[in-house]
Amino acid sequence: MAYECIIAEKKGKVGLIKLNRPDALNALNSMLIDELAQALDKFEANDKIGCIVVTGSEKAFAAGADIKEMQAKTYMEAYKEDFLKRWERITHCRIPVIAAVSGYALGGGCELARMCDFIIASSSAVFGQPEINLGVMPGAGGTQRLARSIGKAKTMDMCLTGRNMDAEEAERAGLVSRVVKEGNLVDEALKAGDKIASLSRPATMMAKEAVNVAFETSLAEGVRFERRMFHSMFATDDQKEGMSAFAEKRSANFKNS
Ligand code: DAK
């Protein structure tokens, strides 16, 4: 399917989504967010796809929600149309999603990257929540998800001063899982995606679900949930295959069942 604001393509077992509004530094307008949701729906429904990579351009992952689109909105318009309602679609994706970030990831761009399961950044990546400079505040999880990644001090610093963080600081702070050379970003993210997609799809889905429970519940409840999930894996063919393959010194051939 042809999109206007994104490019979506299959790379083997990985779904690659490129945000594509170069003239606006990939500012996230409603059309882009809708198209992103549609592409996620399609990849998720395809059981041959085991992982999704979301990326932008070298200059910008995304410079935020589209300021020009929202500038003149009234409260009633925003409320009635439930403005920006599809933003969280990515957080409901059950298969793993990697953000591959180069250049600016600001405002909603930083929040969108953080909604993915993990972030691989190029050395040129810049993260920030500059909404305060516009007379507003983060609205897509910046004050909440960011605080869970990098703690109160850095979240307050970013949200209150609007200062940006470079890739090195973002990795040190725990926002980013790894930093790679500029130019290698998409290849490295696809390599990580390929590895995930070569594994048992139910196992990666369950591992993702269990990690996410850590952010919603107490430690005791989370550990109990993890143990029950682990028990349920003995009902899968992939557990039998993975463990037999290890014992027989061969590679596993997972069937996603
Ligand atoms: N929106 C619209 N257009 C943008 C944009 C944005 N966020 N960022 C850049 N552009 C456009 C510029 O207007 C310019 O367009 P033309 O003038 O050429 O037509 C073009 O992209 C190139 O930008 P610059 O000329 O400014 O490029 P520079 O290299 O000089 O500067 C920059 C790059 C990233 C430092 C600068 O563009 C910048 O400061 N951009 C704005 C960054 C920002 O403030 N972002 C936060 C936006 S507010 C919610 C969901 C999401 C949100 C809230 C609620 N819910 C679910 C409730 C999110 C809010 C935000 O993200």
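Everything below is about the structure shown above.
Everything numeric in this text was worked out from a predicted model, so none of it was measured.

Draft legend 1. A look at the site of the ligand. Close contacts around the ligand come from 23 residues, with Lys59, Ala63, Ala65, Lys68 and Gly108 the closest. At 2.8 Å, a side-chain N or O of lysine 68 approaches an oxygen atom of the ligand. Considering the ligand on its own, with 1100 Å² of exposed area, one finds that the protein chains cover 63% of that surface. Going through the elements one at a time, helix H2 (67-70) and strand S6 (104-106) are the ones with two or more residues in the shell around the ligand.

Draft legend 2. Representation of helix H10 (residues 237-247) within the structure. Of all the residues in H10, the buried ones are Asp238, Gln239, Glu241 and Ala245. One side of H10 carries all its buried residues, which in axial view fall inside an arc of 165°. Buried residues in H10 make contact with helix H8 (201-213). At the exit of H10 stands lysine 249, carrying a positive phi of roughly 55°.

Draft legend 3. Representation of unusual backbone geometry in the model. You will see that leucine 84, though not glycine, has its phi angle at about 70°, which is positive. Here leucine 84 is to be found in the loop between helix H3 (75-80) and strand S5 (97-101). With a phi close to 55°, lysine 249 is a non-glycine residue in the positive phi region. Secondary-structure assignment places lysine 249 in the segment after H10. Relative accessible area serves as the criterion here: at 78%, lysine 249 is assigned to the exposed category.

Draft legend 4. Layout of the sheet that holds strand S10 (residues 178-180). Taken together, the six strands give an open sheet; going across it, the order is S1-S2-S3-S5-S7-S10, and neighbouring strands pair in mixed fashion. Pairing within the sheet leaves two strands with one partner each, and these edge strands are strand S1 (6-11) and S10. Neighbour-to-neighbour, the strand axes of this sheet turn through a mean angle of 20°, independent of strand direction. In the sheet, strand S7 (residues 118-122) pairs with S10 via three bridges, with the strands oriented parallel. Within S10, the residue paired with alanine 121 across the bridge is valine 179.

Draft legend 5. View of a nonpolar patch on the surface. A cluster of nonpolar side chains, namely Ile67, Met70, Leu84, Leu134 and Val136, defines an oily patch on the protein surface of about 390 Å² accessible area. Among the secondary structure elements, methionine 70 is positioned in helix H2. Residue classification places methionine 70 among the partly exposed positions, given a relative accessible area of 30%.

Reading the values: the criteria
- Chains are numbered independently. Their residues run from 1 in the order of the written sequence.
- For this predicted model, a pLDDT threshold of at least 70 governs which residues receive local features, and a threshold of 80 or more governs which side-chain atom pairs are given and counted, while totals over whole chains, interfaces and linings are taken from all residues.
- As a rule here, side-chain values cover all heavy atoms of the structure and leave hydrogens and water aside.
- Any residue with a non-hydrogen atom lying within 4 Å of a molecule or strand is treated as near it.
- In the analysis that follows, any N or O atom pair within 3.5 Å is treated as a polar contact, provided that within protein one partner can donate a hydrogen and the other can accept it, and provided that, for residues neighboring in sequence, both atoms belong to side chains.
- Only the protein chains shown count as cover for residues, and all accessible areas are computed by the Shrake-Rupley method using a 1.4 Å probe.
- We count a stretch as a helix when DSSP gives it H or I for four or more residues in a row; a strand needs E for two or more, and each element gets its number in order from the N terminus.
- Using a 1.4 Å probe on the protein chains alone, a residue whose accessible area is under 20% of its type maximum counts as buried, one over 50% counts as exposed, and one in between counts as partly exposed.
- Here, the arc refers to the directions that run from the helix axis to the C-beta atoms.
- Residue contacts are counted whenever heavy atoms from the two residues lie within 4.5 Å of one another.
- For two strands to count as paired, DSSP must find a minimum of two bridges between them.
- Angles run from 0 to 180 degrees between N-to-C directions of axes, and those axes are lines fitted to C-alpha atoms, restricted for helices to the stretch in contact.
- Here a patch means residues that are over 30% exposed by relative accessible area and free of salt bridges, tied together within 9 Å if like-charged and within 5 Å if nonpolar (Val, Leu, Ile, Met, Phe, Trp, Tyr).
- What makes a salt bridge here is a side-chain nitrogen of Lys or Arg within 4 Å of a carboxyl oxygen of Asp or Glu, nothing more.

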